[in-house]
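# Summary of the model geometry
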Amino acid sequence: MMTYEQQYDVIVVGSGHAGCEAALAAARMGCPTLLLTINLDAIALMSCNPSIGGLAKGHLVKEIDALGGEMARNIDATGIQFRILNTRKGPAVRASRAQADKQLYRLRMKKILEQQDNLHLKQGEVTALYLEGSELRGVDTRSGIRFLGKTIILTTGTFMRGLIHIGLNHYPGGRAGDLPSIGLSDQLRAIGFEVGRLKTGTPARLDGRTIDFSRLEAQHGDNPPMPFSFSTERITMPQVPCHIAYTNPRTHDIIRSGLDRSPLYSGIIEGVGPRYCPSIEDKVVRFPDKERHQTFIEPEGLETVEVYPSGMSTSLPIDIQIAFYRSIEALERVEIMRPAYAIEYDYVDPIQLHASLETKNIRNLYHAGQINGTSGYEEAAGQGLMAGINAALRVKGHDPLVLGRSEAYLGVMIDDLVTLGAKEPYRMFTSRAEYRLLLREDNADLRLRDKGYALGLVHEENYRAFVRKRDMIFAEQARINTTRLSMDSEQLETLCRFGVSDIQKGTTLEHLLRRPEITYAELSALDVVSRETPPTVREQVEIQAKYHGYIERQQEQVDRARKLENTALPDNLDYYSITGLTGEVREKLTRFRPDTLGQASRIQGITPAAISVLAIALKANAWKVLAK
């Protein structure tokens, strides 16, 4: 085994969405970083849907951007349709989504990586970690090169012992067209990691020339398109529509006829699939009374005829695939360019991680992305960013950055993973965030921009623009809190036109803005200064005014929970020696090894009484005596 001449601060294994963010973060923080990948031409490849964002996922992308990550800027530069979802609902659950030009997205991210200082890209398959005793020193590759590094981040995606299924045929692969990674997960299991098996899938890619789009309902994006990144001024890419199609009873009959050759239903697939993104055969079996299922026919790019039928992933045999796709209206003559398939892969249960994403078994080893049991580009990118940050902080001798559940969706996701583990693919939802009114897309920069700047990930120019925006928000809030209505004849006439008749003289603009029928558009008719307020400032001030009471109550909940969240539990605490804990509680605490009382409180089966016992033991400093 040849040892490469240069030693790196951070080695990132894998160049999917997690690996890209991890490598960029570490390099931008000044650490010499190596990105190793099986295929340099597949960097940031969108293996499944050609889109970024969606419900709760859009929140993650905005937070990645606020901290200085790249995903939002990449989709802004390559997106071909942008939409804000849930616009009729409250601001906490509104979400951004964008279709990407799949190849442009990949190529731009590769260019960003290649041009990044401190970052080296090399093609090679990592087959093992290089350990000297229990100390992690680097990685070994199949080509016989050993690379030395102070910290290692594994972002292996679906590649560890990847197995592709199309009907009863199956073959090794990290995804269609790529080789799997063999050996690494076996070593992780031998070291003592709990390694499991998961499954995901993707629809076929269809030839758009063989679809009659005139018979389908077009779905256009927003006009004007709203960017993801807080630093993007406007979208310049051409925008195109998606189209809506539906399955029918004949489609479902064809799917049922092939279930005997489905690896999902014949027992061939062992891995657990995603509950919230089931295959089309799973939908047909689980919902037999549903006569149709919706699919969005999404373009894969401006310069390709390939389209992606979302929600139509399957592992059925190719003859069944052809028949059921052609049973859909407007797709009667459709040609499949790439067949749908399912893929099984190894993952490492994330309960074996600290909240920093460092493994508990091996110091300086970090896991991010699908290796932790998550699904989705956005979940992977968020973990990659945090792992890259924390690996760099470790090298620099600083404490890790751990975001709390009240600070970010990133904090919610990582806390869920390291506290509860993953027995099925994990997907982010707004319902997972108990403080979601505080964790909106629109205020991600207000929550996290300072942290990104302090880490060195946010450019000075972007940070100055953010500070100006924040100062304007504070100034506008102060202004409307002190500006009062004179109730002269002009204001009375305007209020009457808006159907507001119970306003008294001296009412502040802030109090008026709290009313559901009044927005900044109405306020502008009453107040000259409001007309000049920038849209981004208006949005924040209006949300703060309308949801003032709810936001205050949620902040009070955060304040009450903060002490619990910040109380650390020693690594060597002997739970079996603490009187007052049940056997079940002791067993779970010993297995999960939570980092804080807050984490312990969210482990299933850990009662409030058990948390009280732990708190008393810690307060009395008893753990020093009880620890082994």
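Residues numbered from 1 in each chain as written. Predicted model: local features only at pLDDT ≥ 70, side-chain atom pairs only at ≥ 80, totals over all residues. Heavy atoms only, no water.

## What about the overall build of the chain?
The helix and strand inventory of the chain stands at 22 helices and 20 strands. Taking the principal axes of its C-alpha atoms as reference, the chain extends roughly 85 × 75 × 50 Å. Here the chain holds 628 residues, and the buried ones make up 55% of them. Contacts in the chain between residues at least 24 apart in sequence constitute 73% of all its contacts with a sequence separation of at least 6. The centroid of the 77 positive side-chain charges in the chain is displaced by 2 Å from the centroid of its 78 negative side-chain charges. (Helix = DSSP H or I, 4+ residues; strand = E, 2+ residues; numbered from the N terminus. Buried < 20%, exposed > 50% of the residue type's maximum accessible area, 1.4 Å probe, protein only. Contact = heavy atoms within 4.5 Å. Lys, Arg positive; Asp, Glu negative; His and termini not counted. Charge placed at Lys NZ, Arg CZ, Asp CG, Glu CD.)

## Examining helix 12 (residues 460–482)
Relative to the 33 Å expected for 23 residues at 1.5 Å per residue, helix 12 spans 33 Å between its end C-alpha atoms, a close match to the ideal helical length. Among all positions in helix 12, only Y463, F466, K469, R470, I473, E476, R479 and I480 are buried. Those residues of helix 12 that are buried are in contact with helix 11 (444–455), helix 14 (509–513), helix 15 (520–526), helix 16 (528–531) and helix 17 (535–546). (Expected span 1.5 Å × (residues − 1).)

## Observations concerning the sheet that holds strand 13 (residues 205–207)
Spatially, the 6 strands line up as an open sheet ordered 14-15-16-17-13-18, and their pairing is antiparallel. Edge positions in the open sheet fall to strand 14 (217–219) and strand 18 (336–338), since each of these has one partner strand only. Strand-to-strand twist of the sheet, defined as the mean angle between neighbouring strand axes without regard to direction, takes the value 40°. Judged from the 4 bridges that link them, strand 15 (residues 242–246) and strand 16 (residues 294–299) form a sheet pairing that is antiparallel. What sits directly across from A245, in strand 16, is T295. Sheet strands in contact with helix 8 (residues 318–326) are strand 13, strand 17 (306–309) and strand 18, and its direction is about 130° off that of strand 18. (Pairing = 2+ DSSP bridges. Axes fitted to C-alpha atoms, helices over the stretch in contact; angles between N-to-C directions.)

## Quick word on the pairing of strand 1 (residues 2–13)
Summarising the sheet, strand 1 and strand 9 (residues 145–154) pair through 8 bridges and their orientation is parallel. Among the inter-strand pairings, Y8 is bridged to a residue of strand 9, identified as G149.

## Focus: the packing of helix 2 (residues 57–67) against helix 11
Packing of helix 2 against helix 11 brings their axes to within 7 Å, and their N-to-C directions diverge by 35°. Judged by the sense of rotation from one axis to the other, the crossing of helix 2 with helix 11 is right-handed. The segment helix 2 lies against helix 11, with K62, E63, D65, A66 and L67 engaging A444, D445, R447, L448, R449, K451 and G452. Class assignment of the residues belonging to the contact of helix 2 with helix 11 gives a composition of 4 nonpolar, 1 polar and 7 charged. (Left-handed = near helix turned anticlockwise from the far one by under 90°. Nonpolar A, V, L, I, M, F, W, Y, C, P; charged D, E, K, R; others polar.)

## Some details on the packing of aromatic side chains
Applying the stated rule across the entire model yields 4 aromatic pairs. For the pair Y4 and F147, a centre-to-centre distance of 5.2 Å together with 50° between the ring planes defines the contact as tilted. One end of the pair, Y4, is in strand 1; the other, F147, is in strand 9, and 143 residues separate them in sequence. For Y4, a relative accessible area of 22% puts it in the partly exposed group. By the ring-pair criterion, three or more aromatic residues cluster together here, those being Y453, Y463 and F466. Cation over ring: R146 sits above Y130, and NZ or CZ is 3.8 Å from the ring centre. Here R432 stacks its cationic end above the ring of Y426, 4.2 Å away from the centre of that ring. (Phe/Tyr/Trp six-rings, centres within 6.5 Å; stacked < 30°, edge-to-face > 60°. Lys NZ or Arg CZ within 6 Å of the ring centre and 35° of its normal.)

## With respect to the packing of helix 1 (residues 17–28) against helix 9 (residues 377–396)
Contact pair helix 1 / helix 9: the axes reach a minimum separation of 7 Å and the direction vectors enclose 30°. One element, helix 1, and the other, helix 9, form an angle in the roughly parallel class. Seen along the crossing, helix 1 lies across helix 9 with a hand that is right-handed. Contacts between helix 1 and helix 9 pair H17, A18, E21, A22, A25 and A26 from the former with Y377, A380, A381, G384, L385, G388, I389 and A392 from the latter. (Parallel < 35°, antiparallel > 145°, perpendicular 65-115°, else oblique.)

## A short note on the environment of G267
Inspection of the secondary structure puts G267 in the loop between helix 6 (249–257) and helix 7 (280–286). With 71 residues separating them in the primary sequence, G267 and R338 have C-alpha atoms 24 Å apart.

## A look at the nonpolar core
With 75 residues, the main nonpolar core has I52, Y105, I153, M386 and I389 as its most contacted residues. Take this core: its biggest share by element is 10 residues, from helix 9. When near neighbours in sequence (up to four residues on either side) are disregarded, I52 contacts M46, V61, M71, I75, S96, R97, A98, Y105, F228, Y377 and E378. (Core = buried A, V, L, I, M, F, W, Y, C linked by side-chain atoms within 4.5 Å.)

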